[in-house]
Each structure stands twice: as C-alpha cells, then as structure tokens.
Amino acid sequence: MVTLAHRLRRVAIVFASILGTAYIILVLIALLNYNPRVKIGMPIIVDDAELPGAGTRCKMDPDLGPVKVDIYTKPCMEELERMNPEIQAGGAWKPPNCQSWQKVAIVIPYRDRLGHLKILLRRLHPMLRKQQIAYRIFVVEQAGTDQFNRGRLMNIGYAEAMKEDNFDCFIFHDVDLIPEDDRNVYLCDDQARHLSSAIDEMRYHIMYYNYAGGVIALNRQNVLKVNGYSNDYWGWGNEDDDFSARTLAAGLMLTRPPEHIGRFKMVRHLKADRSNHGNSYFFTWRSRWKNDGINAIKELNYKVVEKTDLPVFTNISVDIGHPPDEKTWNERNKNQESVTMLWFLRFYYP
Ligand code: UDP
Ligand code: BGC
Ligand code: MN
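None of these values were measured; they are calculated from a predicted model. Here the residue numbering is sequential within each chain, running from 1 through the sequence in written order. For this description, chains carry letters from A and ligands carry numbers from 1, given in the order in which they are written. Totals for whole chains, interfaces and linings use all residues, but because this is a predicted model, local features are given only for residues with pLDDT of at least 70 and pairs of side-chain atoms are given and counted only at 80 or more. Think of the side-chain values as coming from all heavy atoms in the structure, minus any hydrogens and water.

1. What about the overall build of the chain?
Then, number 1: Every helix listed is a DSSP run of H or I at least four residues long, and every strand listed is a run of E at least two residues long, numbered separately from the N terminus. For the chain, the count of helices and strands is ten helices and 13 strands.
Then, number 2: Along the first, second and third principal axes, the C-alpha atoms of the chain reach 90 × 55 × 45 Å.
Then, number 3: Three exposure classes are used, based on accessible area relative to the maximum for each residue type with a 1.4 Å probe and protein chains only: buried under 20%, partly exposed in between, and exposed over 50%. Taking all 350 residues of the chain together, 51% fall into the buried category.
Then, number 4: Every residue pair with non-hydrogen atoms within 4.5 Å of one another is taken to be in contact. Counting only contacts in the chain whose residues sit at least 6 apart along the sequence, the fraction spanning at least 24 positions is 85%.
Then, number 5: Of the roughly 17,900 Å² that the chain leaves accessible, carbon and sulfur atoms contribute 58%.
Then, number 6: Each charge class in the chain can be summarised by its mean position, and for the 45 positive and 42 negative side chains these summaries are 6 Å apart. In short, Shrake-Rupley with a 1.4 Å probe defines the accessible areas, and a residue's cover is counted only from the protein chains shown. Positive charges are assigned to Lys and Arg, negative charges to Asp and Glu, while His and the chain termini are left out of the count. Charge positions are represented by NZ for Lys, CZ for Arg, CG for Asp and CD for Glu.

Encoded structure:
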C-alpha cells in the first residue's frame, strides 16, 4: 500500500531532480558564456615618471566623487558660455599649469536634440576641467531627414577631428548620457574602454556582456585597428553591437569602470523603433568589418555643410549621403557570410 508519506517523498524527489537539472544546465550555460573579454577597473593612468615632462604632468584630484546631475532644466547657450569663460572657441580646453595625459576628442553624433546637448555640455565642461583633461568637443550633425546613421557620424567625427589636431583618444558619446561621477575619467586605455557601464534607463546594470553603446573611448591606434564603426546601419539598433564585435575581433577587451562609478543618467526621450531590417545586417558583420569602416569614408563622399567653432563646441554639420534602396540593400547582402545563431545568442547573453 502506498502511504501518504511515500507519495510526498516521491514528489519531493521529482521536484529536487528538476531543480538540480535546471541548476546544472544554468551552470553549463554560464561556463559556455564565461566571458574573459570584459575587465572591470579604474583606468590605468600611465605612471610616466620616466617620460619627458614628468615633472609637469597633471595629477588626478583625489577628491573627485559622485555628483548630482540635472537632466530636466535646460541652460541657454549664453549661460554655458558664461559658465565656462576659460574655454577656447570650438569647445577646447587644456590644463594651463600642467601637462595632461592625452589629447581627447569627444565625438557626439547629433540631430535635433538641442535640449539634450545643452544639458550635456553644462555637465561635461566643468567635469573635464576637474579631471584635468585636454579636450575638444565635436558635435557631428546629420543634415537632412534620412534615417539616422550613428556609425557614419562617428567615423566622420574621427576624420574631421584629425584634421584639427593629432588627438590621442576618441570618446564616442551619445548626446543624452550625463555622467554622474567625476571619478569616471574621460581618458583612453589600451583596450576599448566602455565608460557607460551603468545607465539609469537600464536600471544601472549592463544589459549584456558585449554591450558597447552609450559612451566608449578608444585610442587612435585602436580606432584604426577596429576600423571604426560600420557606415551602413541606417536607423536604430545594432551599430554599437557591430562595433563591439569588431573590437572583439581585433583582440581588444572591453574595460569598464565599476557600476557605482560608471553611472549615467539618460535624458528622457521617446524610444525609437528598431530599423526595419531588424538584426539581419548585424548577422553579416564579420564579412564586412575590414572594408566597411573608417577606411571607407572617403568613398562615401560625405560633405561638410558647415563647420563652426562655437563658443562651447565645434559644430560640424554633414551631408552623409543616403541609405540604399531596398533592392540595392538586398543585392548587397545576398552573398554575405553570416554568423551562426549560436554566436548571435551568445553575443547577447546577459
Ligand atoms: N541621435 C540624435 N538624433 C536622433 C537620433 C539619435 O542625436 O534623432 C543620437 C544621439 O546622440 C543619441 C544617440 O544617437 O543619444 C542614440 O540614439 P537614441 O538616444 O535614440 O538611442 P537609445 O540609446 O536611447 O536607445
Ligand atoms: C541593440 C543595441 C542597443 C541595445 C540597448 C540592442 O538590442 O541592438 O543597438 O544599444 O539593445 O538598447
Ligand atoms: Mn538615448
């Protein structure tokens, strides 16, 4: 006769086996996805005591820390100018009494977000001065009404900035992300430094290991090594994933500040829909990355419509060309080799 105790025991055993199996599967998936490419830590500022100019090198202020940021009120341009009398036209500054570590170009892809830009500039200028960074801010504005192309604007920003000065470090920066901690130093290391490791809109956590959107810093050599961004993502989504995949393929790690330092607030805006090609273009990133990037921008025949050294930033308005029509796009993609579904799923593993 089967007693109640017997039955309960059997149920408990079945239940425990299910839980155990699920646990083992999760551990296996985690092992499969163990990702040694991400390194969390503070930036390593080269201790260049032996380099020339060592005696006059700037020192990072040890008292930097978290800051309350305002993402709701918008200053006007004159106010920004008044708040930053020491910066040069074009939005450039360098420490007057010491030698900074790198020359930093901040490249902001932009269209029709003036409010966001003002909020960002109000925060960036004083922060970068406190961090003793030698920098200049480039706002690269897409002219016209075609779908937005964030990657193309980044590449053009790199090329145009290099015409101005021999920058060592490029920080590709969304216009709506406001840094919340002065310890998040705007410098490059020798990897791909993903500065926005904790965005409020993502509940201050990284959504997936390979996420490289928002704000990312690469030195000049590494921008060239990964061949910049793809020029061909029109509309929202995946251009940052493509960039992340390139940095991986180029053998770079993603380095991030710890989540309590890499904090950003995103100025509120409507979420765009993913481009109508969905993820399909990203599937073929590997077969394109060596030819579609910084090395291809000459062929794009982009035109600078206007370049102005405004008091608090350099404005570069560009005609970046048009997206291909559907037929050309399909034709171009037909014979491209694609990554596997497993690769794709692992890429987005949280
Ligand atoms: N952007 C812009 N105007 C646009 C669309 C995008 O200036 O119409 C720039 C801006 O720098 C923005 C970035 O591209 O921060 C990323 O776009 P969005 O903020 O819409 O994407 P999210 O990351 O919030 O999903
Ligand atoms: C998109 C990225 C985006 C990320 C976070 C991904 O699904 O492909 O482009 O940055 O989500 O919103
Ligand atoms: Mn945004």
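From this point, things continue past the structure.
2. A closer look at the coordination of the manganese ion (ligand 3)
Then, number 1: Donor criterion used throughout: N, O or S atom within 2.8 Å of the metal, extended to 3.2 Å for Na, K and Ca. Water excluded; incomplete-looking sites may result. Around the manganese ion (ligand 3), the protein contributes the donor atoms Asp176 (OD) and His269 (NE2), which lie 2.0 to 2.2 Å from the metal centre. On the criterion of sequence distance, the pair formed by Asp176 in the loop between β5 (169-173) and β6 (177-179) and His269 in the loop between β11 (263-266) and α7 (285-288) is long-range, its members being 93 residues apart.

3. A few points about a nonpolar patch on the surface
Then, number 1: Patches here: salt-bridge-free residues with over 30% relative accessible area, like charges joined within 9 Å, nonpolar side chains (Val, Leu, Ile, Met, Phe, Trp, Tyr) joined within 5 Å. By salt bridge we mean one thing: a side-chain nitrogen of Lys or Arg within 4 Å of a carboxyl oxygen of Asp or Glu. Taken together, the side chains of Tyr23, Ile24, Val27, Leu28 and Leu31 define a hydrophobic patch exposed on the protein surface, amounting to about 530 Å² of accessible area.
Then, number 2: With respect to the secondary-structure elements, Tyr23 resides in helix α1 (residues 4-32).
Then, number 3: Residue classification places Tyr23 among the exposed positions, given a relative accessible area of 57%.

4. Re the site of ligand 1
Then, number 1: The near set for a molecule or strand comprises every residue that places at least one heavy atom within 4 Å of it. Ligand 1 sits among 13 residues. The nearest are Pro109, Arg111, Arg113, Trp236 and Lys271.
Then, number 2: Side-chain atoms alone can form a polar contact between residues adjacent in sequence; in general such a contact is a pair of N or O atoms within 3.5 Å, and within protein one must be able to donate a hydrogen while the other accepts it. In the model, a nitrogen atom of ligand 1 is placed 2.8 Å from a nitrogen or oxygen of the Arg111 main chain.
Then, number 3: At 2.9 Å, a backbone N or O of Val175 approaches an oxygen atom of ligand 1.
Then, number 4: Protein contacts shield 84% of the accessible area of ligand 1, which totals 520 Å² for the unbound molecule.

5. So, the packing of aromatic side chains
Then, number 1: When the centres of two rings from Phe, Tyr and Trp lie within 6.5 Å, Trp using its six-membered ring, the rings pair. Their planes under 30 degrees apart give stacked, over 60 give edge-to-face, and anything left gives tilted. Under the definition given, this model contains 22 aromatic pairs.
Then, number 2: Ring centres of Tyr208 and Tyr348 lie 4.9 Å apart, and the angle between their planes is 70°; on these two criteria the pair is classed as edge-to-face. Taken together, the residues Tyr208 in the loop between β8 (198-199) and β9 (215-219) and Tyr348 in the segment after α10 (341-347) connect sequence positions 140 residues apart.
Then, number 3: Residue class for Tyr348 comes out partly exposed when judged on its relative accessible area of 22%.

6. Examining the side chain of Asn210
Then, number 1: Among the structural elements, Asn210 can be located in the loop between β8 and β9.
Then, number 2: Judged by its relative accessible area of 4%, Asn210 falls in the buried class.
Then, number 3: Setting aside residues no more than four positions away along its own chain, Asn210 makes contact with Asn35, Arg37, Ser244, Leu254, Arg256, Arg346 and Phe347.

7. Details of the environment of Val339
Then, number 1: Take Val339: it is sitting in the loop between α9 (326-334) and α10.
Then, number 2: The exposure class assigned to Val339 is buried, which follows from its relative accessible area of 8%.
Then, number 3: A sequence separation of 52 residues divides Val339 from Ser287, and the C-alpha atoms of the two residues are 9.0 Å apart.
Then, number 4: The contacts of Val339, once residues within four sequence positions are left out, are Phe283, Trp285 and Arg286.

8. Details of the site of ligand 2
Then, number 1: Within the structure, ligand 2 sits among Met202, Met207, Tyr208, Tyr211, Trp236, Gly237, Asn238, Asp240, Asp241, Lys271, Arg274 and Tyr348.
Then, number 2: The separation between an oxygen atom of ligand 2 and a polar side-chain atom of Asp241 is 2.6 Å.
Then, number 3: Any residue outside Ala, Val, Leu, Ile, Met, Phe, Trp, Tyr, Cys, Pro, Asp, Glu, Lys and Arg is labelled polar, Gly included; the first ten of those are nonpolar and the last four are charged. Class assignment for the residues of the shell around ligand 2 results in six nonpolar, two polar and four charged.

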